[in-house]
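Notes for the structure review
Here's the letter readout for the chains.
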Amino acid sequence: MAQVTLKGNPVEIGGALPAAGSQAPAFTLVGEGLADTSLQDFAGRRKVLNIFPSIDTPTCATSVRTFNAKAGSLDNTVVLCISADLPFAQARFCGAEGLDNVKTLSTLRGRDFHDTYGVAINNGPLAALTARAVVVLDENDTVLHTELVAEIADEPNYEAALTALS
């Protein structure tokens, strides 16, 4: 188990991020229109998994906006924004913001993702949500980069994630 903080208070995180060089675990989450969407649906493309607690918090919203802005210039790459938010809330946010370079996925029917990807918040006010993390995968789902953000209220290191793709 890992530990991060939320506004300076310790938070226990269950599981472990997949290691660089390992094969990313398969997952099925909920996408647009409540459709089951799997990692396999993005086969042959590089993937940035932008994982966060809720799109309705300022830092999470900023991460989605930032990755959306940067994703347009990435070749053969999809940014998957993953949270526990319902697909309706994710679609509302992206629609209102005009964000069309990212795909949103909900852990609504994919709770095992929390532990499998090492982002399960086990205690504190955000218990049962996901910690803030970034996992970058190549076209074959090999893990190129991971970051478990030490302070949940902080943004991820965008440049490190994008540099892993070069």
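Keep in mind that what you see is a predicted model, and the values were worked out from it rather than measured.

A few words on the packing of aromatic side chains. Going through the model one piece at a time under the given rule, you end up with four aromatic pairs. A centroid spacing of 5.8 Å and a plane angle of 80 degrees characterise the contact between Phe27 and Tyr117, whose relative ring orientation is edge-to-face. Linking Phe27 in the loop between β2 (9–14) and β3 (28–30) with Tyr117 in the loop between α3 (112–116) and β8 (120–121), this pair joins segments that are 90 residues apart in sequence. For the pair Phe27 and Tyr117, one class covers both residues: buried. An angle of 20 degrees between the planes, with centres 4.5 Å apart, marks the rings of Phe113 and Tyr117 as stacked. The pair formed by Phe113 and Tyr117 is uniform in burial state, with each residue classed as buried. Ring pairs connect the aromatic residues Phe27, Phe113 and Tyr117, which therefore count as one cluster.

With that settled, consider the nonpolar core. Phe27, Leu49, Ile51, Leu80, Ile82, Phe113 and Tyr117 are the most contacted members of the largest nonpolar core, which totals 25 residues. When contributions to this core are tallied by element, the ones reaching two or more residues are β1 (2–6), β2, β5 (46–51), β6 (77–83) and β9 (133–137). Here Ile51 is in contact with Ile82, Phe113, Val119, Thr130, Ala131, Arg132, Ala133 and Val135, once residues within four sequence places are set aside.

Further remarks concern the packing of helix α1 (residues 58–71) against helix α2 (residues 87–97). The relative placement of two packed helices comes down to the angle between their axes together with the axis-to-axis distance. Running from amino to carboxyl end, α1 crosses α2 at an angle of 55 degrees, the nearest separation of the two axes being 12 Å. When the interaxial angle is binned, α1 and α2 end up oblique. The handedness of the crossing between α1 and α2 comes out as right-handed. Contact with α1, carried on its side by Ala61, Val64 and Arg65, involves Phe93, Cys94 and Glu97 of α2 and no other residues of that element. Split by residue class, the contact of α1 with α2 holds four nonpolar, no polar and two charged.

Turning our attention to α2. When α2 is considered as a whole, its buried residues turn out to be Pro87, Ala89, Gln90, Phe93 and Cys94. Projection of α2 onto a plane perpendicular to its axis shows the buried side chains occupying an angular sector of 165 degrees, all on one side. Exposed residues lying more than 90 degrees from the buried face of α2 are Phe88, Gly95 and Ala96. The secondary structure elements touched by the buried residues of α2 are β3, α1, β6 and β7 (102–106). Taken from the residues just after α2, Gly98 is the one with a positive phi, measuring 70 degrees.

Bringing the environment of Ala71 into the picture now. Relative to the elements of secondary structure, Ala71 occurs in helix α1. Along the primary structure Ala71 and Leu162 are separated by 91 residues, whereas in three dimensions their C-alpha atoms are 9.2 Å apart. Ignoring any residue separated from it by four or fewer positions in sequence, one finds Ala71 in contact with Val79 and Asn101.

Once that is clear, we can look at the side chain of Ser63. Structurally, the position occupied by Ser63 is in helix α1. What makes Ser63 buried here is its relative accessible area of 0%. Here the side chain of Ser63 touches Cys60 through a polar contact of 2.8 Å, landing on its backbone oxygen. Among all residues touching Ser63, those that are not within four sequence positions of it are Asn50, Phe52, Arg132, Pro156 and Tyr158.

A few words on the pattern of salt bridges. Pairing between side chains becomes possible if they bear opposite charge and their charged atoms approach one another. Under the definition given, this model contains five salt bridges. Note that Lys47 and Asp141 form a salt bridge whose closest N and O atoms lie 2.9 Å from each other. With a gap of 94 residues between them, Lys47 in strand β5 and Asp141 in the loop between β9 and β10 (143–148) connect regions that are remote in the sequence. The shortest N-O distance in the salt bridge between Glu97 and Arg65 comes to 2.8 Å. Remark: Arg65 occurs in helix α1 and Glu97 occurs in helix α2; sequence separation between them is 32 residues. Looking at Glu97, the relative accessible area reads 35%, which means it is partly exposed.

What counts and how
- Residues numbered from 1 in each chain as written.
- Predicted model: local features only at pLDDT ≥ 70, side-chain atom pairs only at ≥ 80, totals over all residues.
- Heavy atoms only, no water.
- Phe/Tyr/Trp six-rings, centres within 6.5 Å; stacked < 30°, edge-to-face > 60°.
- Helix = DSSP H or I, 4+ residues; strand = E, 2+ residues; numbered from the N terminus.
- Buried < 20%, exposed > 50% of the residue type's maximum accessible area, 1.4 Å probe, protein only.
- Core = buried A, V, L, I, M, F, W, Y, C linked by side-chain atoms within 4.5 Å.
- Contact = heavy atoms within 4.5 Å.
- Axes fitted to C-alpha atoms, helices over the stretch in contact; angles between N-to-C directions.
- Parallel < 35°, antiparallel > 145°, perpendicular 65-115°, else oblique.
- Left-handed = near helix turned anticlockwise from the far one by under 90°.
- Nonpolar A, V, L, I, M, F, W, Y, C, P; charged D, E, K, R; others polar.
- Arc of directions from axis to C-beta.
- Polar contact = N/O pair within 3.5 Å; in protein donor to acceptor, adjacent residues only side chain to side chain.
- Salt bridge = Lys/Arg side-chain N within 4 Å of Asp/Glu carboxyl O.

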